[in-house]
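A look at the structure
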Amino acid sequence: MNAASIEKVQAGFPDYVKATERGPVVVTRRGKPVAVLLAAGDEDDLERLLMGYSPELQAMIEESRARYRAGLTIPHDQFWKEVEEENAVRRKKQTTKPKNGRNGPPARKKR
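In this numbering scheme, every chain counts its residues from 1 along its sequence in written order. In view of the model being predicted, local features appear only for residues whose pLDDT reaches at least 70, and side-chain atom pairs are presented and counted only at 80 or more, with totals across whole chains, interfaces and linings using the full set of residues. In computing side-chain values, all of the structure's heavy atoms are included and hydrogens and water are not.

1. Describing a nonpolar patch on the surface
Which entries qualify depends on this criterion: For patches, a residue must show more than 30% relative accessible area and have no salt bridge; joins then use 9 Å for like charges and 5 Å for nonpolar side chains, namely Val, Leu, Ile, Met, Phe, Trp and Tyr. Where accessible areas are quoted, they stem from the Shrake-Rupley method and a 1.4 Å probe; at the residue level, only the protein chains shown are allowed to cover. Basic side-chain nitrogens of Lys or Arg form a salt bridge, by our definition, when they fall within 4 Å of a carboxyl oxygen of Asp or Glu. Only runs of H or I of at least four residues qualify as helices and only runs of E of at least two qualify as strands under DSSP, and these elements are numbered from the N terminus. Buried means the residue's accessible area, taken with a 1.4 Å probe over protein chains only, is under 20% of the maximum for its type, while exposed means over 50%, and partly exposed covers the values in between.
On the surface, a nonpolar cluster with roughly 610 Å² of combined accessible area is contributed by V36, L38, L46, L49, L50 and Y53. Among the elements that line the nonpolar patch, the one with the most residues is helix α3 (residues 43-52), at three residues. Its location among the elements puts Y53 in the loop between α3 and α4 (55-69). Judged by relative accessible area, which is 69%, Y53 ranks as exposed.

2. Thoughts on the pattern of salt bridges
A full pass over the atoms with the stated rule returns three salt bridges. The closest approach of N and O atoms between E21 and K18, which form a salt bridge, is 3.6 Å. On the accessibility criterion, E21 (61% relative accessible area) is exposed. Among the salt bridges present, the one from E62 reaches R69, with a minimum N-O distance of 2.9 Å. For E62, a relative accessible area of 38% corresponds to the partly exposed category. Look at R69 and you get exposed, because its relative accessible area is 58%.

3. Some thoughts on the sheet that holds strand β1 (residues 2-5)
Operational definition: Strand pairing follows a simple DSSP-based rule, namely that at least 2 bridges must link the two strands. Each axis is a line fitted through C-alpha atoms, and for a helix only the stretch in contact is used; angles between axes span 0 to 180 degrees, taken between their N-to-C directions.
Here we have three strands laid out as an open sheet, ordered β1-β2-β3, and mixed in their pairing. Two strands close off the open sheet at either side, each with one partner strand: β1 and β3 (32-37). Between one strand axis and the next, the sheet turns through 35 degrees on average, direction left out of account.

4. So, the environment of L38
Cut-off, in case you're wondering: By the convention used here, residues are in contact when the closest approach between their heavy atoms is within 4.5 Å.
Residue position: L38 is located in the loop between β3 and α3. On the basis of relative accessibility, which here comes to 45%, the residue L38 falls in the partly exposed class. The spatial distance from the C-alpha of L38 to the C-alpha of G23 is 7.1 Å, given a sequence separation of 15 residues. What L38 contacts, discounting residues up to four positions off in sequence, is T20, P24 and L49.

5. Some words on unusual backbone geometry
Within the chain, R30 stands out as a residue other than glycine whose phi angle is a positive 55 degrees. Take R30: it is sitting in the loop between β2 (25-29) and β3.

6. Things to note about the pairing of β2
With four of five residues buried, β2 is to be regarded as a mostly interior element. In this sheet, β2 lies alongside β1 in parallel orientation, the contact comprising four bridges. Bridge pairing in β2 links N2 to V25. Pairing of β2 with β3, which is carried by five bridges, proceeds in the antiparallel orientation. Each residue of the ladder has a partner; that of V27, found in β3, is A35. Once β2 ends, the chain turns through two residues before running back antiparallel as β3, passing R30 with a positive phi of about 55 degrees.

Read these as geometric descriptors, not functional statements.
Structure (structure tokens):
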């Protein structure tokens with residue numbers, strides 16, 4: 001693990017960003033960790049990292065855990081059956097033709 005003071009990171013920021021390719025860089029203030037520099041990786045890695053710190057997502061996860069502990073969940077098979085039913089309804093809506101019998105936008109008038 002690489003660690004450096006805020007002052008050192010400020011003075012050589014590009015070098016510390018490059019150092020994240022080898023692993024996280026812990027940024028310190030008066031010897032105490034205050035931040036971490038991480039390589040972004042790909043978009044999926046970055047999204048997972050950001051979502052891990054999302055208060056909204058954390059609240060949803062905690063609500064889910066509470067429901068699970070309280071026994072307010074549905075069985076695995078029932079869940080997937082409901083998902084398939086919803087998907088079937090969506091597919092049906094997507095393939096339904098417009099009421100006017102046309103496919104696509106109305107034809108343009110020739111001048």
